[in-house]
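Here's the letter readout for the chains.
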Amino acid sequence: MSLKHGLLGFLTYGDMSGYDLEKLFSQSIGHFWSAKISQVYRDLTTMEKTGWVASEMVVQTGKPNKKVFKITEGGQQELERWLLEYDVSQALEIRVGLLMRMFFSKRVPVQATIQMLGRFQHICQKALEGLQQAEREVPKENPDYFYIKTTLSYGRKYYQMQIEWCEETLHLLGGDGQEAHHIGQ
């Protein structure tokens, strides 16, 4: 996915500043796609040069002025093109640094791998709890309710799978207090 296309999608909800976009991004699709505020502003600048968004400076009293962006007709067309032309086989492309490290972990003490997996499992558990909370808070009146719920459901199942994989792998490594199974060491 392109950050630019995510930003275009959010701008279909209405005009927003870069700060508003980053905040909305992190509170919604930030569960499965991360973006830094510097990336958001960089891409908004590029998108404005491309003609996908237009901006206007809003003068505020007692606060700094802010630049507000809106999607243009060209941006609407690009978002639609991106949505319609997606090659779903790209979703199968996997690049997970943890798995690369796991593949070569025989070269370090088992305890180091157990600690790494324990930390990862903890992070996944926290992320899962955040998604479950987000699922409970989606208002049914939201016109995008179905689509929001399905992406959150995918995220929930993804983190549940990660946690289960950690539990299984930790068991095999002996990190759950049980005797380690054959791990080649």
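Here, the structure is the one placed above.
Now for a quick tour of the structure. Remember, predicted model here, so these are calculated numbers, not experimental data. (Residues numbered from 1 in each chain as written. Predicted model: local features only at pLDDT ≥ 70, side-chain atom pairs only at ≥ 80, totals over all residues. Heavy atoms only, no water.)

## Re a nonpolar patch on the surface
Among the surface-exposed residues, Y19, I37 and Y41 lie close enough to one another that they form a single nonpolar patch of about 290 Å² accessible area. Relative to the assigned elements, I37 resides in helix α3 (residues 37-50). (Patch = residues over 30% accessible without salt bridge, like charges linked within 9 Å, V, L, I, M, F, W, Y side chains within 5 Å. Areas by Shrake-Rupley, 256 points an atom, 1.4 Å probe, with all protein chains shown as cover. Salt bridge = Lys/Arg side-chain N within 4 Å of Asp/Glu carboxyl O. Helix = DSSP H or I, 4+ residues; strand = E, 2+ residues; numbered from the N terminus.)

## Concerning the sheet that holds strand β2 (residues 53-58)
Reading across from one edge, β1-β3-β2 is the order of the three strands in this open sheet, with antiparallel pairing throughout. Edge strands, defined here as strands with exactly one partner in the open sheet, are β1 (16-17) and β2. The sheet contact formed by β2 and strand β3 (residues 66-71) spans six bridges and is antiparallel. Bridge pairing links V58 to K66 in β3. Contacts from helix α1 (residues 3-11) reach β1, β2 and β3, with the element oriented near 90 degrees to β3. Sitting on the sheet, α3 touches β2 and β3, and the angle it makes with β2 is about 115 degrees. (Pairing = 2+ DSSP bridges. Contact = heavy atoms within 4.5 Å. Axes fitted to C-alpha atoms, helices over the stretch in contact; angles between N-to-C directions.)

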